[in-house]
Amino acid sequence: MKLTGEAKRAEMGYSILIICLLYLLIVAMTKLAFPVFHLVLALPPVILFLAMAFRKEKRNALLWLGIAYMGWFFFSRLLLGPKVLVSSSSIFCILSVSLLMALPFASIMEEEQNKKGLLIAATIGAVVFSASAWIGIAITFITRMTGLNLLGGAFYVGDDGRLWTYGHPNNAACLFLIGLFCTGYLIFTLRKKWCTISGIIMILGLWTAIAFTGSRTVMLQCSAAAAALIFVQICTSHRHPVVFRVVLATIAAAVSMLLVYKGFEWTVEGLAGSSASAETVSVAVEEEVSETRPNIAVRPLKDDLKSFTGRTRAWKGSLELIKAHPEVLITGLPDNEIMPQLNHYIGKRPYDYAHAHNAYLQVVLNLGLPGLLMSLVFTWLSLKSALTVVFAIRRKRTFADCIIALAGPVLLIATITEPFLFTEQINIPPCNFYFFLFLGYTLRLENKIVSDSKRLFAEAE
């Protein structure tokens with residue numbers, strides 16, 4: 001059967017999704033390769049991305065915003081000087097940005113191909129991240145063992161007894177959070193007994209692994225996701241008066257948020273030695289003593305809220321740096337200058353900071369105000385499309401759609417404390433990949449809901 005022009009474009013978009021997934025795996029597994037190899041790997045997705053950009057839906061906001069963001073990155077590097085553009089750190093950042101910007105194609109794929117592509121990506125995410133979670137749980141009980149190198153990050157137990165990857169426990173927890181979204185989407189999309197049973201096993205592993213990272217940020221993200229899903233489901237039920245539904249949804253959301261958050265603490269207390277200290281773990285590692293239980297301590301939430309575990313110091317230092325060098329607002333700084341400059345303006349500190357510990361401040365340091373503006377537009381698109389989808393009439397969206405729609409805003413919570421999503425100062429390619437994939441799918445669904453509503457309104461008139 002001969003395919004129509006639109007079907008061919010849909011197949012092309014579907015093929016690009018598979019290529020980008022394979023590309024992500026190759027790049028992640030060769031993370032320590034020399035920079036030129038990274039640059040070579042970065043070119044094919046960019047070329048394919050631009051080819052799709054000029055084939056269909058030229059007014060697509062996410063697509064053109066992606067082109068603008070990537071273009072400004074290259075242009076700002078050139079303004080800083082040719083040496084900055086060809087430096088090894090910049091080449092690695094070019095790789096990351098090209099990967100990040102190769103993903104808006106998700107929003108221009110045809111509806112059925114869009115769902116099929118998302119299903120493949122969700123399956124890969126659920127399997128890989130849940131496998132990583134169970135491996136992480138295992139190595140947490142053997143504190144001197146390093147785990148497998150999955151998606152570019154070796155999972156290991158730090159001196160504080162928590163599960164780490166990409167140099168920080170928050171990074172490991174964020175990947176497990178994405179695994180939860182992917183698994184939930186699969187369960188409520190396929191609705192098969194075997195999928196539900198295997199999904200529950202995956203969720204248990206991901207839940208426990210998040211608890212073992214001790215990541216306060218991701219624990220709050222999971223709590224917010226559960227509260228939001230319950231709130232939306234009750235508010236859109238239409239079985240009771242609006243005021244009653246809102247009150248009931250608010251109470252249920254608050255209770256669920258508390259239970260989920262406390263559930264992580266109960267998991268740690270039940271499976272780990274909560275009173276163990278970092279020194280105890282270090283001694284155990286040096287003496288090659290295998291612990292029977294992981295040494296994880298969960299800090300009280302009120303202690304973290306005082307200074308966000310020292311992050312406010314990085315925020316103040318970033319603002320001082322921008323105040324002292326206003327030219328940063330135009331082009332940003334060369335990548336190799338950000339860390340020393342930032343630590344200079346932080347002043348007295350217990351350790352050196354690798355980044356600004358905030359995505360939006362980090363974007364300003366990397367790309368100036370133009371980069372910040374485009375990042376804020378990405379944020380607005382994610383929040384706006386999510387609200388449209390989750391509060392749409394139920395027959396126009398499924399519960400699985402709500403899970404994916406809320407994934408973007410929930411991941412955005414982490415931008416408060418970490419430089420995720422818009423820059424790659426600490427480089428977590430899978431996190432950015434799935435954020436933009438979810439955003440593209442949600443925007444596509446939003447467009448369909450809005451167009452259907454307009455059509456029905458026109459017919460009614």
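Note that the coordinates shown come from a computational prediction; the quantities given were computed from them, not determined experimentally. Residue numbers here run from 1 along each chain, matching the order of that chain's written sequence. Selection of residues for local features in this predicted model requires a pLDDT of at least 70, selection of side-chain atom pairs for listing and counting requires 80 or more, and totals for whole chains, interfaces and linings are taken over all residues. As a rule here, side-chain values come from all non-hydrogen atoms in the structure, and water together with hydrogens is ignored.

What follows deals with the nonpolar core. One finds Phe176, Phe422, Tyr434 and Phe438 to be the most contacted residues of the largest nonpolar core, which totals 94 residues. Only DSSP runs of H or I covering at least 4 residues are called helices, and only runs of E covering at least 2 are called strands; the numbering of each starts at the N terminus. Here this core gets 14 residues from one element, more than from any other, and that element is helix 16 (residues 359-390). In this text, buried Ala, Val, Leu, Ile, Met, Phe, Trp, Tyr and Cys residues form a nonpolar core when linked through side-chain atoms within 4.5 Å. For the exposure calls, accessible area comes from a 1.4 Å probe over protein chains only, and a residue counts as buried if that area is under 20% of its type's maximum, exposed if over 50%, partly exposed in between.

When two rings of Phe, Tyr or Trp (its six-membered ring) have centres within 6.5 Å they constitute a pair, described as stacked for plane angles under 30 degrees, edge-to-face for angles over 60, and tilted for the intermediate range. Taken as a whole and assessed by the stated rule, the structure comprises 12 aromatic pairs. Between Phe422 and Phe435 the ring centres are 6.2 Å apart and the planes differ by 90°, which places this aromatic pair in the edge-to-face class. Placement of Phe422 in the loop between helix 17 (399-413) and helix 18 (429-460) and of Phe435 in helix 18 is noted, with a sequence separation of 13 residues between them. Seen from their ring centres, Phe435 and Phe436 are 5.1 Å apart, and the 90° between their planes marks the pair as edge-to-face. Just as Phe435 is buried, Phe436 falls in that class too. Chaining the aromatic ring pairs together yields one cluster made of Tyr69, Tyr360, Phe378, Phe422, Phe435 and Phe436.

This paragraph deals with the environment of Trp380. As for its position among the elements, Trp380 is in helix 16. Trp380 gets classed as exposed once you look at its relative accessible area, which sits at 52%. Spatially, the C-alpha atoms of Trp380 and Pro409 are 9.6 Å apart, while their sequence positions differ by 29 residues.

This paragraph deals with unusual backbone geometry. For Arg191, which is not glycine, the phi torsion reads 50° and is therefore positive. You can see Arg191 is positioned in the loop between helix 7 (169-190) and helix 8 (193-213). Positive phi outside glycine occurs at His357, with the angle close to 55°. You can see His357 is positioned in the loop between helix 15 (335-346) and helix 16.

Our next topic: helix 17. Given a rise of 1.5 Å per residue, 15 residues ought to cover 21 Å, and the 22 Å separating the end C-alpha atoms of helix 17 matches this to within 8%. We define the bend at each residue as the angle formed by axes fitted to the 7 residues ending at it and the 7 residues starting at it. At Ala407, helix 17 is deflected by roughly 30°, the largest bend along its length, and proline Pro409 occurs up to four residues later in sequence. With 13 of 15 residues buried, helix 17 lies mostly within the body of the structure. One fewer than the residue count of a helix, multiplied by 1.5 Å, yields its expected span.

On to a nonpolar patch on the surface. To count toward a patch, a residue needs a relative accessible area above 30% and no salt bridge. Like charges then connect within 9 Å, nonpolar side chains (Val, Leu, Ile, Met, Phe, Trp, Tyr) within 5 Å. Computed with a 1.4 Å probe, the accessible areas rest on the Shrake-Rupley method; for each residue, only the protein chains presented here act as cover. In the sections that follow, a salt bridge refers to a side-chain nitrogen of Lys or Arg positioned within 4 Å of a carboxyl oxygen of Asp or Glu. Judged by side-chain polarity, Val243, Val247, Ile251, Val255, Leu259 and Trp266 come together as a nonpolar surface patch covering roughly 600 Å² of accessible area. Turning to its location among the elements, Val247 is positioned in helix 10 (residues 242-271). Owing to a relative accessible area of 45%, Val247 belongs among the partly exposed residues under this scheme.

Let's shift gears to the confidence of the model for the chain. On a scale of 0 to 100, pLDDT captures the predictor's confidence in every residue. For the chain, the average pLDDT comes to 77, and 69% of its residues sit at 70 or higher. When mean pLDDT is compared element by element in the chain, helix 17 scores highest at 94, while helix 11 (residues 278-286) scores lowest at 34. By definition in these notes, contact holds between two residues if any of their heavy atoms fall within 4.5 Å. The low-confidence segment residues 32-38 (pLDDT under 50) makes eight contacts with residues lying over four places distant or belonging to another chain. Note that residues 274-291 has pLDDT below 50 and, in this model, 19 contacts with residues that lie over four places away or in other chains.

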